[in-house]
Amino acid sequence: MSIENTHLQIQEGLSEDYNNVRLFPEVKNMTIIGGTNKSGDIEPYSICCQSGDIICLVGPTGSGKSRMLGDIESLAQGDTPSGRKILINGEIPSSSLRTSAIGLIAQLSQQMNFVVDLTVREFIALHAESRLIPDPENIIDLILKTANNLSGEQFSPDVSLTQLSGGQSRALMIADTALLCPSPVVLIDEIENAGVNRKNALELLVKEGKITFVATHDPVLALMGSRRLFFKNGGIAGIIIPDEEERLAMRYIQKVDDQWTSWRDQIRNGGVLHLDDSKKKIYNRLIL
Amino acid sequence: MKLVTVAGPPSSGKTSVILHTIRELKKAGISVGVIKFDCISSGDEDTYQAAGVPIHIGLAGNLCPDHYFVSNIEECVSWGLKENLDLLITESAGLCNRCSPHIRGILGICVIDTLSGINTPKKIGPMLRLSDMIVITKGDIVSQAEREVFAFRVGRANPSAKVIKINGLTGQGVLPLADEMKNTPDTITVNDCSLRFAMPAALCSYCLGEIRIGRDYQMGNVKRMEF
Ligand SMILES: Nc1nc2c(ncn2[C@@H]2O[C@H](COP(=O)(O)OP(=O)(O)OP(=O)(O)O)[C@@H](O)[C@H]2O)c(=O)[nH]1
Ligand SMILES: [Zn+2]
Ligand SMILES: [Zn+2]
């Protein structure tokens, strides 16, 4: 079953209660209106993001990426240290939207863990229950399949969450967030965990029509964005829109990254690396 | 003076949340003091003092902290008035899950953390069920799905409360709580106010300190198991 079909089913299967869970309107776009950086200088940018956009946040540690994610998460209205303002569909979000606990914004970060002691299947069923989905079997299967695709190492639905490897649990979190979290906006803080196909992960979120913000030091992820915000001294110091040249470079880096992943998997599984003659030539030239 | 009661399980993040809220309220020129109810001494006195917050500690010893709270809250209010506070916050560690310090007509907040387990919202009883606002902390370290499940269950346990998320480490999300406190009406006295929930009273000799086992030592309202 395709993702679209499953989603349709979810929508149809929802009871009246659903309105109590989904406290937010459809989000077509989100606008970030600049505030000030750490020295109090004006941040002369206003960024409008559409459903399906990936915005990458780059910059050295401490440059203000997390501060930006925090502003988005709390739908800042000039009331945070940065003075930024966030608009939803061009309007100031209502206070109930700002305080709703099952929020507009979902988050994925490196320090997040599963803490419940359940099997993977029970866990997804539990999440589905809180979304009031009456017959969760389809969505459980879909999330499992997707998570297994994202993670190099397969896992079964009957394994306990606490037994998953770092890559497996990251993959499950991503698949679950994309397919079962109602939030139209996703914030990602560093997912360069080995063992997750990052490209497929981002594509999955885009396909689900989410607006995705990714704070990262990873060039593969950073180049994948439709825009790249460069941070310095607590504020946006520049916005880069990838051009043809960058796109070409990205495809190359992607290839190297894929090659790297496949080598890593081979070695991890007891394999031996083989190079054909043309590869040998290329590598010999490259390492000179 | 405004009065707010904050209750929640031990280590749920009450002190962290209160301190961030006070920082926000201070910006608006509001002076805030805290009364902390605990069983045995905690390091909270130093924490509040270090933040320049007037603090008074009440140690309940072997009494239920909420019972101790209700017998002393009037004097707490007098202390707050004497200290010229604009807002007095009481912080109590809810321990027995059967009691609650929340008073009718006085803003009651419950602080609960996502690490405490997904069944906790159902278990912790009146201090959550009868609060006006529920603060969920520690969402930064659990998966998005667990945050949602937790918030959903909190909403089920108390459908009428406002539920907000606060990161007790960074203070992110504290503004709606500060606003709620700012907008709560003044209280001159709690004399003649009522608790929202009748606390289970001392029922038997064991509540009064008895430790020996045997029918001879049992007095009062004793309930026996059936076999
Ligand atoms: N990661 C994380 N840690 C938190 C958060 N909130 C509080 N903590 C930590 O949890 C611990 C307990 O926080 P406190 O604020 O002392 O909790 P409390 O409810 O006042 O505790 P008692 O008064 O002893 O019952 C501290 O180490 C805090 O730093 C949060 O949102 N995220
Ligand atoms: Zn009690
Ligand atoms: Zn007793």
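Just so we're clear, the structure is a prediction, and the values are computed from it rather than from any experiment.

Engineer: I tried to follow the overall build of chain B on my own but got confused; where do I start?
Structural biologist: Secondary structure assignment for chain B yields 7 helices and 7 strands. Going residue by residue from the N terminus, the α and β elements of chain B occur as β-α-β-α-β-α-β-β-α-α-β-α-β-α. In terms of overall dimensions, chain B is globule-like: its C-alpha atoms have a radius of gyration of 18 Å, near the 17 Å expected for 227 residues. Expressed as lengths along the three principal axes of its C-alpha atoms, the size of chain B is roughly 60 × 45 × 30 Å. The buried share of chain B, reckoned over its 227 residues, is 52%. At a minimum sequence separation of 6, the contacts of chain B that also span at least 24 residues come to 74%. Surface accessibility of chain B: about 10,800 Å² in total, with carbon and sulfur atoms responsible for 53%. A gap of 7 Å separates the mean positions of the 24 positive and 23 negative side-chain charges of chain B.

Engineer: Would you explain the site of ligand 1 in this entry?
Structural biologist: All names here are of chain B. Near ligand 1 you find 18 residues, and of these K14, T15, S16, K36 and G168 are the closest. Between ligand 1 and the protein, one listed contact pairs an oxygen atom with a side-chain N or O atom of K14 at 2.7 Å. The side chain of E91 places a nitrogen or oxygen atom 3.1 Å from an oxygen atom of ligand 1. Contact with the protein chains covers 75% of the free accessible surface of ligand 1, which is 650 Å². Here the shell around ligand 1 takes 3 residues from helix α1 (residues 14-27), the largest share from any one element. Classifying every residue of the shell around ligand 1 gives 4 nonpolar, 8 polar and 6 charged.

Engineer: Sorry if this is basic, but what is going on with the environment of A:G238 here?
Structural biologist: All names here are of chain A. As for its placement among the helices and strands, G238 is situated in strand β9 (residues 235-240). Exposure remark for G238: the relative accessible area of 12% places this residue in the buried category. Along the sequence, G238 and Y45 sit 193 residues apart, while their C-alpha atoms lie 8.6 Å from each other. Excluding anything up to four places from it in sequence, G238 contacts Y45, R228, L229 and F230.

Engineer: Just checking my understanding: could you explain the packing of aromatic side chains for this structure?
Structural biologist: Centre-to-centre distance and the angle between the planes together describe a pair of aromatic rings. Scanning the entire structure with this criterion turns up 4 aromatic pairs over all chains. Ring geometry for A:F114 against A:F123: centres 4.9 Å apart, planes inclined by 70 degrees, an arrangement best described as edge-to-face. Judged by its relative accessible area of 1%, A:F123 is buried. Here the aromatic rings of B:F37 and B:Y68 are separated by 6.0 Å at their centres, their planes lie at 80 degrees, and the arrangement is edge-to-face. With a gap of 31 residues between them, B:F37 in strand β2 (residues 32-38) and B:Y68 in helix α3 (residues 65-82) connect regions that are remote in the sequence. You can call B:F37 buried: its relative accessible area is 2%. Judged by relative accessible area, which is 22%, B:Y68 ranks as partly exposed. Site record: aromatic cluster; members linked through ring pairs are B:F37, B:Y68 and B:F69.

Engineer: Quick question: what am I supposed to make of the sheet that holds β9(A) here?
Structural biologist: Within a sheet, neighbouring strands are paired by backbone hydrogen bonds and run either parallel or antiparallel to one another. All names here are of chain A. Read from one edge of the open sheet, 6 strands run β5-β6-β7-β3-β8-β9, paired in mixed fashion. Each edge of the sheet is formed by a strand with only one pairing partner; in this case those strands are β5 (105-109) and β9. Direction aside, neighbouring strands of the sheet carry axes that sit 20 degrees apart on average. In terms of strand pairing, strand β6 (residues 185-189) meets strand β7 (residues 211-215) through 5 bridges, oriented parallel. In the strand pairing of β7, V186 is matched with T212. Against the sheet, helix α3 (residues 65-73) touches β3 (54-58), β5, β6, β7, β8 (227-232) and β9, its axis set at about 155 degrees to β6.

Engineer: I'm lost on the sheet that holds strand β2 (residues 46-50) of chain A in this one. Help?
Structural biologist: All names here are of chain A. The sheet built from 3 strands is open, its strands ordered β2-β1-β4 with antiparallel pairing. Of all strands in the sheet, those with a lone pairing partner are β2 and β4 (85-88), marking the two edges. The mean inter-strand angle of the sheet, taken between neighbouring strand axes irrespective of direction, is 15 degrees. The pairing of strand β1 (residues 29-33) with β4 spans 4 bridges and is classified as antiparallel. Note on β4: the bridge partner recorded for T31 is L87.

Engineer: Which parts of the structure should I look at to understand the confidence of the model for chain A?
Structural biologist: Parts of the model with low pLDDT should not have their predicted coordinates read in detail. Residues and elements named next belong to chain A. Summarising the model, chain A shows a mean pLDDT of 85, and 89% of its residues fall at 70 or more. For chain A, per-element mean pLDDT is lowest for helix α1 (residues 3-13), which scores 39, and highest for β3, which scores 96. Counted against residues more than four places away or in other chains, residues 1-22, with its pLDDT under 50, gives 34 contacts.

Engineer: How should I be thinking about the packing of helix α5 (residues 120-130) of chain A against helix α7 (residues 166-180) of chain A in this particular structure?
Structural biologist: Any two packed helices are characterised by the angle at which their axes cross and by the distance between the axes. Residues and elements named next belong to chain A. Across the interface, α5 lies against α7 with an axial gap of 12 Å and an inter-helix angle of 25 degrees. Taken together, the axis directions place α5 and α7 in an arrangement best described as roughly parallel. The hand of the α5/α7 crossing is right-handed. Along the contact surface, α5 presents V120, I124, H127 and A128, while α7 presents L172, D176 and L180. Grouping the constituent residues of the contact of α5 with α7 by class yields 5 nonpolar, 1 polar and 1 charged.

Engineer: Looking at this model, I keep getting lost on the pattern of salt bridges. Mind explaining?
Structural biologist: Opposite charge on two side chains lets them pair, provided their charged atoms get close. Scanning the entire structure with this criterion turns up 25 salt bridges over all chains. The closest approach of N and O atoms between A:R247 and A:E244, which form a salt bridge, is 3.5 Å. Pair noted here: A:R247 and A:E244 are both in helix α10 (residues 244-268), with a separation of 3 residues, about one helical turn. What emerges from the salt-bridge pattern is a single network uniting B:K36, B:D38, B:D44 and B:E91.

Engineer: Sorry, what's going on with the layout of surface pockets here?
Structural biologist: Take a probe with the size of a water molecule and roll it over the atoms, and the empty space left behind shows itself. In this structure, the largest pocket spans a volume of roughly 1,200 Å³. If you go around the largest pocket, you meet 46 residues; those closest to its centre are A:G70, A:E73, B:T170, B:Q172 and B:G173. Of all elements in the fold, only α3, α4 (95-99), β5 and β6 of chain A together with α1, β7 (162-165) and α7 (175-182) of chain B reach the threshold of two or more residues within the lining of the largest pocket. Here the element with the most residues in the lining of the largest pocket is α3(A); it accounts for 6 residues. Of the residues in the lining of the largest pocket, the class split is 16 nonpolar, 17 polar and 13 charged.

Cut-offs applied
- Note that residues are indexed from 1 along each chain, following the sequence as it is written.
- Chains carry letters from A onward and ligands carry numbers from 1 onward, assigned in written order.
- For a predicted model such as this one, the threshold for reporting local features is a pLDDT of at least 70, and the threshold for listing and counting side-chain atom pairs is 80 or more; totals across whole chains, interfaces and linings nevertheless cover every residue.
- Hydrogen atoms and water are omitted, and side-chain values are computed over all heavy atoms in the structure.
- Only DSSP runs of H or I covering at least 4 residues are called helices, and only runs of E covering at least 2 are called strands; the numbering of each starts at the N terminus.
- It is over C-alpha atoms that the radius of gyration is taken, and the globule rule equals 2.2 Å times the number of residues to the power 0.38.
- Burial status follows relative accessibility: with a 1.4 Å probe on protein chains alone, a residue under 20% of its type maximum counts as buried, one over 50% as exposed, and anything between as partly exposed.
- Working rule for contacts: check all heavy atoms of both residues, and any pair within 4.5 Å makes them a contact.
- For the area figures, the Shrake-Rupley method with a 1.4 Å probe applies, and any residue is considered shielded solely by the protein chains shown.
- Working convention for charge: Lys and Arg count positive, Asp and Glu count negative, and His plus the chain ends are omitted.
- Where a charge lies is defined by one atom per residue type: Lys uses NZ, Arg uses CZ, Asp uses CG and Glu uses CD.
- Here, proximity means that at least one heavy atom of the residue falls within 4 Å of the molecule or strand.
- Here a polar contact is taken to be a pair of N or O atoms separated by no more than 3.5 Å, where protein atoms must pair a possible hydrogen donor with a possible acceptor and residues adjacent in sequence count only if both atoms sit in side chains.
- Amino acid classes used here: Ala, Val, Leu, Ile, Met, Phe, Trp, Tyr, Cys and Pro are nonpolar; Asp, Glu, Lys and Arg are charged; the rest, including Gly, are polar.
- To pair, rings of Phe, Tyr and Trp, with the six-membered ring standing in for Trp, must have centres within 6.5 Å; the planes then decide the type, stacked if under 30 degrees apart, edge-to-face if over 60, and tilted in the middle.
- Only when DSSP finds a minimum of two bridges between them are two strands counted as paired.
- Only the contacting stretch of a helix is used when fitting its axis, a line to C-alpha atoms as for every element, and angles between N-to-C directions run 0 to 180 degrees.
- pLDDT runs from 0 to 100 and stands for how confident the predictor is about each residue.
- Here the word oblique covers every angle except those under 35 degrees (roughly parallel), over 145 (roughly antiparallel) and from 65 to 115 (roughly perpendicular).
- Take the far helix as your reference; a near helix turned counterclockwise from it by less than a right angle gives a left-handed crossing, and one turned clockwise gives a right-handed crossing.
- Within this document, salt bridges are pairs made up of a side-chain nitrogen of Lys or Arg and a carboxyl oxygen of Asp or Glu, the two lying within 4 Å of each other.
- Cavity and pocket criteria rest on a 1 Å grid covering protein atoms alone: a 1.4 Å probe that fits but cannot get out defines a cavity, protein on both sides within 12 Å along at least 5 of 7 lines defines an open pocket, and an atom within 4 Å of a point defines a lining residue.
- Grid points are joined across faces, edges and corners, and a volume is the space filled by probe spheres set on the points.

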